[in-house]
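One-letter residues, chain by chain:
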Amino acid sequence: MRFKNTHLLLALAAFFCTRAYAGNYEDLTKDFVYGDAGVQSISVMSFGPEGILFLGDSKAGKIIALDMGDRTRNDSKEAFNMNDVEGKLAALMGADPKGVVIHDMAVNPLSQNIYLAVSRADANQLGYWKMPNDLGYATVLLRINPAGEITQVDLGSISHSATEVPRVVREGTENWRKSDNRTEAVTDIAYDNGQLYVAGLSNEEFASVLRIIDFPFGKQAASYSTIEVWHVAHGKSETEAPIRTLLPYELNGEKVIIATYTCTPFVTIPVSQLKNGQHVKSTTLGEFGFGNMPIDIIKYRNSEGHDGILMSNMSKAVIRVKPEDILKQKTPLTEPLKDDEYTVGVHHDVLSIVGVTQIDNLNEANVLLLSRMPNGSLALRSYPTRNL
Amino acid sequence: MKIRIRSLAFLFLLSLPVLSQSDQIQIRLVEDPDDPHFGSILLTGIDTVITAKDIEWKAAFRVYYRAPESDGDLPMLGKYQVSGQSVFYIPSFPLVQGKVYHIRLSSPLPESGFEVSVPVLTTPETPKIEQIYPTSGQWPANQLKFYIAFSRPMRYGQAMEHIRLEDENGNPAEAPFLDLGQELWDPGQRRLTVWFDPGRIKSLLIPNLEKGPPLLPNRKYRLVISKDWQAADGRPLGEDMTREFTTGPKDNDKPAPGDWSLDPPQAHTTAPLMINFGYAMDYAMLLDGIAVYDPGNRPAEGRIEIGPEERSWLFYPESPWQPGRYSLRFSPDLEDLAGNNLDRAFDAAPSKNQISPPAFYERTIEVK
């Protein structure tokens, strides 16, 4: 040992800090291998425990778990703000500010490091019905630390584990938004208690599916349910449109998946019904307005201990839903929208927070928003949960 | 500002004699495509006393997309590789042809600025079509798609106007291909997938009933690829390429892994394992749709070769075969030329049965 004393102390401290989490971490990553993670597209991403980031890769038809080596706990309640995110990413990636597109954002709940999935694509092509994943596949993963330093994650040399998403929709067919259906093979992913919930399109006749994949990835194939939704604004049951964003949630002691779709049904699916090979009818509890694509959904707890759900949208301001209001909606919606109706079902608030695409929990006191500002620039900004 | 930089440089010159060699520092772009560092920016003439140190190169040797105006401007991401008196900046994202990049050096290098312009490459090589898959001269009448492999990355958005299908009298077929807004290229932009219009292949769908299938059985056809199709750098193919094929009957049978002949290799050799399908399979699916697992149930490493006319698949193991039972796992997405995959025939009536088929199909071989 050639450490000086202080170094030795630091090393010991680091060792014991790591040990504090070690048991779970080692179990979760024992099958991980180091090398090229084989990422073809970061379509969606979401953090699990112990700094493990899950990527939904529509192009490869895989879920890839990355050990971000990012397990230093940060209990800060500070806000994080960054102006002109596009300008900064453009400088880093050697492009014009309109030459970079952010596909998804995830905050590591342990460290509060922010991760962005990015591509060098033509942002001028984005539209209300043209999402980043419709323009191209993101293959760049950037990390922003609480000090605002941006670095690139080397996906070619990283500890990882991957599993195939069974029966993903094949490439070569087009959806109504003139994008290849394959770009929606995985539309959202969420980790909850040892399981990944993966929404997207399959190659089945009923294309919209919700898969449950055990993590750590085993030899067991994913469980797989086709999902039907009563679409109030369209006035019909649909099986082809994918869930856009989902959230595992406990309502009155029952584990459900809260999910939303384009144009904008708000539904629940009891996890107990998600049995492999079953066709499941979701329960539509709200219609939040047609002409809109939901982008992200998160749950938060404010400083008074009240829980809530936030949804970001392509064409609407951020929506807040309170769990007690979901429970108040005792009967599912089964009728088409009437001529003079716009939103029906679960009570929800459309907040004074506009221009938000990506949303995630930053820390106990703040949620983080990727937000188009009134001056046209794109900013990362914090919103205090005490105001929610 | 300028004065400050000069005075700082002067201080360094006084304190660190090694920097008296600063006039030898040179910066250039590695332009030779055969150089393993092609596309990186090379800084040379640094004293090895410096390169031997553990220096934060991303601070000392910064490359900017736009000339920096303030300290807050961010340099481009990249990796740094030190070798003798040289440091390579390897950009995380390829530099753009015709663009000028701005370089700033600072401590422990002398404060200085450089510009590197990236020339517009004019490679003498014209793009070529290397292969059209399937390579066989006979395609089923319900052929689903084909692949065109090019020698160089091609320009996006030109495919449909440069591919033509003619019947034996030279009459062009009417809109036989699926025209998606998005062309289906591999990541290197060198292999294009072209689909025949699936709506016209699948029985009872409206396009099929109205226009008929794109190909008829027992005919001769000619694919013509136009000489005007451009590579990514704008250089056209230069010569028309034609590919003639005849059609056989429709193929509505699922490929059955149980019917394929397997040729187990001998233990302790690295002889290839061969799967003979007995008919042609889809080329691209064969590249990653079959995995070999060793007797310990670990994926075996090796090299894949696809046999003539895509009728066979060979696996050359990296390490010799061990005695025992190897397992071959087939993705359900493996398909034949007509798009029939292991789960179902392309033209099969929709199944009401919602039971999930297996995640993969399996055969085993005994290596002795």
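The rules we used
- Residues numbered from 1 in each chain as written.
- Chains lettered and ligands numbered in written order.
- Predicted model: local features only at pLDDT ≥ 70, side-chain atom pairs only at ≥ 80, totals over all residues.
- Heavy atoms only, no water.
- Salt bridge = Lys/Arg side-chain N within 4 Å of Asp/Glu carboxyl O.
- Helix = DSSP H or I, 4+ residues; strand = E, 2+ residues; numbered from the N terminus.
- Buried < 20%, exposed > 50% of the residue type's maximum accessible area, 1.4 Å probe, protein only.
- Phe/Tyr/Trp six-rings, centres within 6.5 Å; stacked < 30°, edge-to-face > 60°.
- Pairing = 2+ DSSP bridges.
- Contact = heavy atoms within 4.5 Å.
- Domains from an automatic or database assignment.
- Core = buried A, V, L, I, M, F, W, Y, C linked by side-chain atoms within 4.5 Å.
- Buried area = accessible area lost by both parts, 1.4 Å probe.
- Polar contact = N/O pair within 3.5 Å; in protein donor to acceptor, adjacent residues only side chain to side chain.
- Nonpolar A, V, L, I, M, F, W, Y, C, P; charged D, E, K, R; others polar.

### Details of the pattern of salt bridges
Residues and elements named next belong to chain B. For the structure on display, the rule yields 27 salt bridges over all chains. Here Arg 190 ties to Glu 130 by a salt bridge, and the two come within 3.7 Å at their closest N and O atoms. Of the two residues, Arg 190 sits in the loop between strand S12 (184-185) and strand S13 (191-195) while Glu 130 sits in strand S8 (residues 129-133), which places them 60 residues apart along the sequence. Arg 190 sits in the partly exposed class, given a relative accessible area of 35%.

### A word on the packing of aromatic side chains
Residues and elements named next belong to chain B. Taken as a whole, this structure holds 29 aromatic pairs over all chains when the rule is applied. Look at Phe 61 and Tyr 80: their rings are 5.6 Å apart centre to centre, the planes differ by 65°, and that puts the pair in the edge-to-face class. Placement of Phe 61 in strand S3 (residues 61-64) and of Tyr 80 in strand S4 (residues 78-83) is noted, with a sequence separation of 19 residues between them. Look at Tyr 80 and you get partly exposed, because its relative accessible area is 22%. Look at Trp 139 and Phe 245: their rings are 3.9 Å apart centre to centre, the planes differ by 15°, and that puts the pair in the stacked class. Of the two residues, Trp 139 sits in strand S9 (residues 138-139) while Phe 245 sits in strand S15 (residues 241-247), which places them 106 residues apart along the sequence. We note that Trp 139, like Phe 245, is buried.

### A closer look at the sheet that holds strand S10 (residues 145-150) of chain B
Residue and element names in this part refer to chain B. Strand order across the open sheet formed by 4 strands is S8-S10-S13-S12, with antiparallel pairing between neighbours. The open sheet has two edge strands, S8 and S12, and neither has a second partner. Here 2 bridges tie S12 to S13, and the two strands are oriented antiparallel to one another. Paired with Leu 184 across the two strands is Thr 193, which belongs to S13.

### Observations concerning helix H2 (residues 85-93) of chain A
Residue and element names in this part refer to chain A. Judged by how many residues are buried, H2 sits mostly within the fold: 8 of 9 residues are covered. Looking at H2, one finds that the buried residues are Val 85, Glu 86, Gly 87, Leu 89, Ala 90, Ala 91, Leu 92 and Met 93. Buried residues in H2 make contact with strand S5 (101-107), strand S6 (114-119), strand S7 (140-144), strand S8 (150-152), strand S26 (366-372) and strand S27 (378-384). Immediately beyond the C-terminal end of H2, within one or two residues, lies Gly 94, with a positive phi of roughly 65°.

### Details of the pairing of S3(B)
All names here are of chain B. Of the two faces of S3, the one lined by Phe 61 and Val 63 and the one lined by Arg 62 and Tyr 64 are each fully buried. Pairing geometry for S3 and strand S6 (residues 100-105), over 4 bridges, is antiparallel. Paired with Val 63 across the bridge in S6 is Ile 103.

### Quick word on the domain arrangement of chain B
The assigned domain composition of chain B is domain 1 (2-117), domain 2 (129-247) and domain 3 (257-367). A separation of 48 Å is found between the C-alpha centroids of domain 1 of chain B and domain 2 of chain B.

### Digging into the nonpolar core
Residues and elements named next belong to chain B. Core analysis: the largest hydrophobic core is formed by 29 residues, its most contacted members being Phe 146, Ile 148, Phe 150, Ile 163, Leu 223 and Trp 229. Secondary-structure elements contributing two or more residues to this core are S8, S10, strand S11 (163-167), S12, S13 and strand S14 (220-225). Apart from residues lying up to four places away in sequence, Ile 148 is in contact with Ile 129, Gln 131, Ile 132, Ile 163, Arg 190, Arg 191, Leu 192, Val 194, Ile 225 and Trp 229.

### Concerning the interface of chain B and chain A
Between chain B and chain A, the residue contacts involve 38 residues of the former and 36 residues of the latter. Summing both partners gives a buried area of about 2,900 Å² for chain B against chain A, and 47% of it is carried by carbon and sulfur. Applying the counting criterion to the chain B and chain A interface returns 4 salt bridges. The salt bridge involving Lys79(B) is made with Asp154(A); its shortest N-O contact spans 3.2 Å. The tally of links from chain B across to chain A stands at 8 residue pairs in polar contact (both at pLDDT 80 or more). Class assignment of the residues belonging to the side of chain B that touches chain A gives a composition of 19 nonpolar, 10 polar and 9 charged.

### Considering the environment of Ile213(A)
Residue and element names in this part refer to chain A. Looking at the secondary structure, you find Ile 213 in strand S12 (residues 208-214). Judged by relative accessible area, Ile 213 falls into the buried class, the value being 5%. Sequence separation between Ile 213 and Val 198 is 15 residues; the distance between their C-alpha atoms is 7.6 Å. Ignoring any residue separated from it by four or fewer positions in sequence, one finds Ile 213 in contact with Ile 63, Thr 163, Gly 194, Gln 195, Leu 196, Val 198 and Ala 222.

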